[in-house]
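Tertiary structure, described
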Amino acid sequence: MATISEKLSESPTIKSDIIVTKPITSSELDLPSSEEEDKMERGSWSNKLDFLFSCISLSVGLGNVWRFPYLCYKNGGGAFLVTYLIAMIFCGIPIFFQEVSIGQYLGSGGMTFVGQLCPLLKGVGYSTMTIVFLLDVYYCIIIAWTLLYFISTFLKLPDLPWSTCEDCYNISRGAHQAVNGSELLRSPVEEFFEKEILHISTGIEDIGGIQWKLFGCLVLGWFIIYLIIRKGLHQSGKIIWFTALCPYVILMTLLVRAVTLDGAADGLLYYITPRWSELLAPAPWMEGATQIFFAYSIGCGALPALGSYNKFNHNCYKDAVITCIVNTLTSILAGCVTFSVLGHMALEKGSDISNVVQSGPGLVFITYPEIVLKLPGAPFWAAAFFFMLLLLGVDSAFCLVESFVTGVVDNWPKILRPHRGKLTICICFVMFLLGIPMVTHGGVYIFQLMDYYSASGMSLLWVCFFQTIAISWVFGTEKLCDCIKEMIGMTTNRFLVICWKFCGPLVILIIFLAHCINYESLTYGKYYTYPTWAEYVGFLISFSSMVWVPAYAIYYVLTGKGSVLENLRLGLKPKFIRRMPSKTDDNFASIEQFI
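Residues numbered from 1 in each chain as written. Predicted model: local features only at pLDDT ≥ 70, side-chain atom pairs only at ≥ 80, totals over all residues. Heavy atoms only, no water.

**Describing helix H18 (residues 420-435)**
- Over its 16 residues, H18 extends 23 Å from the first C-alpha to the last, a length consistent with the 22 Å expected when each residue adds 1.5 Å.
- Considering only its buried residues, H18 is in contact with helix H7 (123-152), helix H9 (212-229), helix H16 (378-411) and helix H17 (413-416). (Helix = DSSP H or I, 4+ residues; strand = E, 2+ residues; numbered from the N terminus. Expected span 1.5 Å × (residues − 1). Contact = heavy atoms within 4.5 Å.)

Take a look at the structure:
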């Protein structure tokens, strides 16, 4: 039987503005020869549920348990919830589905799919891969913190190492210490995180030496990630099932205990009560919308990569809706646990909930260890919690690394796909090396700088805006709806079309402009402000991903074979061969039916 590549090269002109408007050859499409096809097979999920659990593993992670509570705490509790839920309805779910469906239709990862729909904006793919690369570098640092906590739970059995301390707030003594001349109540849990885990210095100017325990945990974290993705994520289905489901058992147990603590009701009331005056400020809106993109992994290229391993007619809409709902409920549950503990801590310290701890990236490492101290068999529950956090971190991390690997391989398939294993090793090693500065004494300052500027602010919104423009306006929502109907037989409802074409791009643009206009200097906690040079470094980190979009568009227009206007017109015309169903698809049709 003739191969797909041979059929395409022999086919007459395909008369469609969304496919190709001239005769096709395998070399033009960078398709493999018939001898290479078996070796360079992309692969697919072995089970329909593998994709659903991979999406849950990707989107339900540390962003829910680690980042969501501290942003909610920072932005006034209920006010942040309002903006988060609005962004979820009008941006999160529609764009999540959009990315997955395009990846499934084209069989392409995050680096190449936008360039196929709008060649002029192929730079969006390079921007996406830059963001994912930076995100992967610092994301594993949280895994290293978690591993160190997990190991520490076994060092002082039957007690926990953060149950007491010498120079911090202690309930039995009723004492507290001063920080930078200001009175701040500090619990043993806070003291342990800053002194034993971080060994935190006075600022980013004082990096200090490497913390070798944390360094070892970073090595172990990257080794775990590599073991999972070394053969491709689509071959790791059962691991994904476990990492997606196991954390919920532990989280629900902690939730039951947290809401029964004294003072928990006050914390929950603070959590769900919107302070409407805060909604007049841009910060809750900016960070609520940005958190949706961060938590759902929109604009990171991971969703198209996961969708590309689906069979052509898989019902990705159902999976997308389920994943988004599970993601949001997980964030809300994690917030319930966090604010219940904050209410309890405030009651014990005699402090206001808004000032009970310093809001920051380490909030989850303060509130959750506090709650396990209240459980019978505290060391067991501490180990269980940090095992859960480890699973949440690892499952998101290996999906993100897989996104980067898939994107790079898809862009140069002939060269890289036969050497995917070696490429994966090299990528993991480089990311590990770049993460070493974040396991120094001043590493947490570098970590927060990376988190603020690289993947969760302006650069991510920038990529998402041009991506939605390429899909919804250049390619067109009508053609996208046709593609979805062709794949899964679903007629797209008008609400999704409106969100794709208007709500999504408009919200992203407004939030991006608000970020620019209302930019505030980065701080760590309440008492440390980053120096000016560190902010400049942060801007360079952001621009390193954003610059690809205009740079590639200029390159495309100036180096094309035609005039500038001709190249511009060609750059706005989709150019791709759509993915053909394979024999393993439920509704397989031969290639001849599509030509």
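**Structural notes on H9**
- Taking 1.5 Å of rise per residue, 18 residues should cover 26 Å, and H9 covers 26 Å from first to last C-alpha, within 8% of that figure.
- Buried within H9 are the following residues: Leu 214, Cys 217, Leu 218, Gly 221, Trp 222, Ile 225, Ile 228 and Ile 229. Angular distribution of buried residues about the axis of H9 spans 135°; they occupy a single face of the element. Seen from the open side of H9, the exposed residues pointing more than 90 degrees away from its buried face are Trp 212 and Lys 213. (Buried < 20%, exposed > 50% of the residue type's maximum accessible area, 1.4 Å probe, protein only. Arc of directions from axis to C-beta.)

**A word on the packing of aromatic side chains**
- Applying the stated criterion to the full structure yields 43 aromatic pairs.
- On the basis of an interplanar angle of 10° and a centroid distance of 4.5 Å, the ring pair of Tyr 149 and Phe 386 is categorised as stacked. With Tyr 149 in helix H7 and Phe 386 in helix H16, this pair connects stretches of sequence that are 237 residues apart.
- A ring pair is formed by Trp 162 and Phe 192, whose centres lie 5.5 Å apart and whose planes are at 55°; its orientation type is tilted. In this pair, Trp 162 is assigned in the loop between H7 and strand S1 (177-179) and Phe 192 in helix H8 (residues 188-197), connecting sequence segments 30 residues apart. As far as the burial class goes, Trp 162 and Phe 192 line up, both buried.
- By way of ring pairs, the aromatic residues Tyr 138, Trp 145, Tyr 149, Trp 162, Phe 192, Phe 193, Phe 385, Phe 386 and Phe 447 are connected into one cluster.
- Above the ring of Trp 473, the side-chain terminus of Lys 501 is found at 4.9 Å from the ring centroid. (Phe/Tyr/Trp six-rings, centres within 6.5 Å; stacked < 30°, edge-to-face > 60°. Lys NZ or Arg CZ within 6 Å of the ring centre and 35° of its normal.)

**Notes on the pattern of salt bridges**
- Counted by the stated rule, this structure contains 1 salt bridge.
- A salt bridge links Glu 402 to Arg 420; its shortest N-O distance comes to 2.6 Å. Here the residue Glu 402 occupies a position in helix H16, and Arg 420 occupies one in helix H18, the gap between them amounting to 18 residues. (Salt bridge = Lys/Arg side-chain N within 4 Å of Asp/Glu carboxyl O.)

**Points about the side chain of Thr 128**
- Summarising the element assignment, Thr 128 is placed in helix H7.
- Here Thr 128 falls in the buried class, since its relative accessible area comes to 1%.
- If near-sequence neighbours (up to four positions away) are discounted, Thr 128 is found in contact with Gly 110, Gly 299, Cys 300, Gly 301 and Val 463.

**Description of the packing of H7 against H18**
- Put simply, H7 and H18 touch, their axes get as near as 9 Å, and they point 65° apart. Considering how the two elements wind past one another, H7 and H18 form a crossing that is right-handed. Between H7 and H18, the contacting residues are Phe 133, Asp 136, Val 137 and Ile 141 on the first element and Val 430, Met 431, Leu 434 and Gly 435 on the second.
- Of the residues in the contact of H7 with H18, the class split is 6 nonpolar, 1 polar and 1 charged. (Axes fitted to C-alpha atoms, helices over the stretch in contact; angles between N-to-C directions. Left-handed = near helix turned anticlockwise from the far one by under 90°. Nonpolar A, V, L, I, M, F, W, Y, C, P; charged D, E, K, R; others polar.)

**Thoughts on the packing of H7 against H8**
- Where H7 contacts H8, the axes come no closer than 12 Å and their chain directions differ by 110°. In this view, H7 runs roughly perpendicular relative to H8, as classed from their interaxial angle. Taken as a pair, H7 and H8 cross one another with a handedness that is right-handed. Residues Trp 145, Leu 148, Tyr 149 and Ser 152 of H7 form the contact with H8, whose own contacting residues are Val 189, Phe 192, Phe 193 and Ile 197.
- The residue makeup of the contact of H7 with H8, split by class, is 7 nonpolar, 1 polar and no charged. (Parallel < 35°, antiparallel > 145°, perpendicular 65-115°, else oblique.)

**Some thoughts on the environment of Ile 141**
- With respect to the helices, strands and loops of the structure, Ile 141 is situated in helix H7.
- Classification of Ile 141 by relative accessible area gives buried; the value is 0%.
- For Ile 141 and Cys 217, which are 76 residues apart along the polypeptide, the C-alpha to C-alpha distance reads 8.8 Å.
- The contact partners of Ile 141, leaving out residues within four places of it in the chain, are Leu 218, Gly 435, Met 438, Val 439 and Phe 447.

**Some details on unusual backbone geometry**
- Of note, the phi angle at His 199 is positive, near 50°, even though the residue is not glycine.
- Tracing the backbone through its elements, the reader meets His 199 in the loop between H8 and H9.
- Unlike most non-glycine residues, Ser 297 shows phi in positive territory, near 60°.
- As for its placement among the helices and strands, Ser 297 is situated in the loop between helix H12 (282-295) and helix H13 (302-307).
- Classification of Ser 297 by relative accessible area gives buried; the value is 4%.

**Let's talk about a nonpolar patch on the surface**
- A cluster of nonpolar side chains, namely Ile 86, Ile 89, Phe 90, Trp 285 and Phe 495, defines an oily patch on the protein surface of about 420 Å² accessible area.
- Take the nonpolar patch: its biggest share by element is 3 residues, from helix H5 (residues 78-106).
- With respect to the secondary-structure elements, Ile 86 resides in helix H5. (Patch = residues over 30% accessible without salt bridge, like charges linked within 9 Å, V, L, I, M, F, W, Y side chains within 5 Å. Areas by Shrake-Rupley, 256 points an atom, 1.4 Å probe, with all protein chains shown as cover.)

**Points about the side chain of Thr 328**
- Tracing the backbone shows Thr 328 in helix H14 (residues 316-349).
- Given a relative accessible area of 5%, Thr 328 falls into the buried group.
- Residues contacting Thr 328, with those up to four places away along its chain left out, are Tyr 84, Leu 85, Met 88 and Tyr 296.

**Overview of the confidence of the model for the protein chain**
- Taken residue by residue, the protein chain gives an average pLDDT of 78. The fraction at 70 or more is 80%.
- Here helix H1 (residues 4-10) stands out as the element of the protein chain with the lowest mean pLDDT, 38, in contrast to helix H23 (residues 548-559), whose mean of 94 is the highest.
- Note on residues 1-41: pLDDT is under 50 here. Beyond four places in sequence and across chains, it has 66 contacts.
- Here residues 170-184 scores under 50 on pLDDT; set against residues more than four positions off or in separate chains, the count is 26 contacts. (pLDDT = per-residue confidence, 0-100.)

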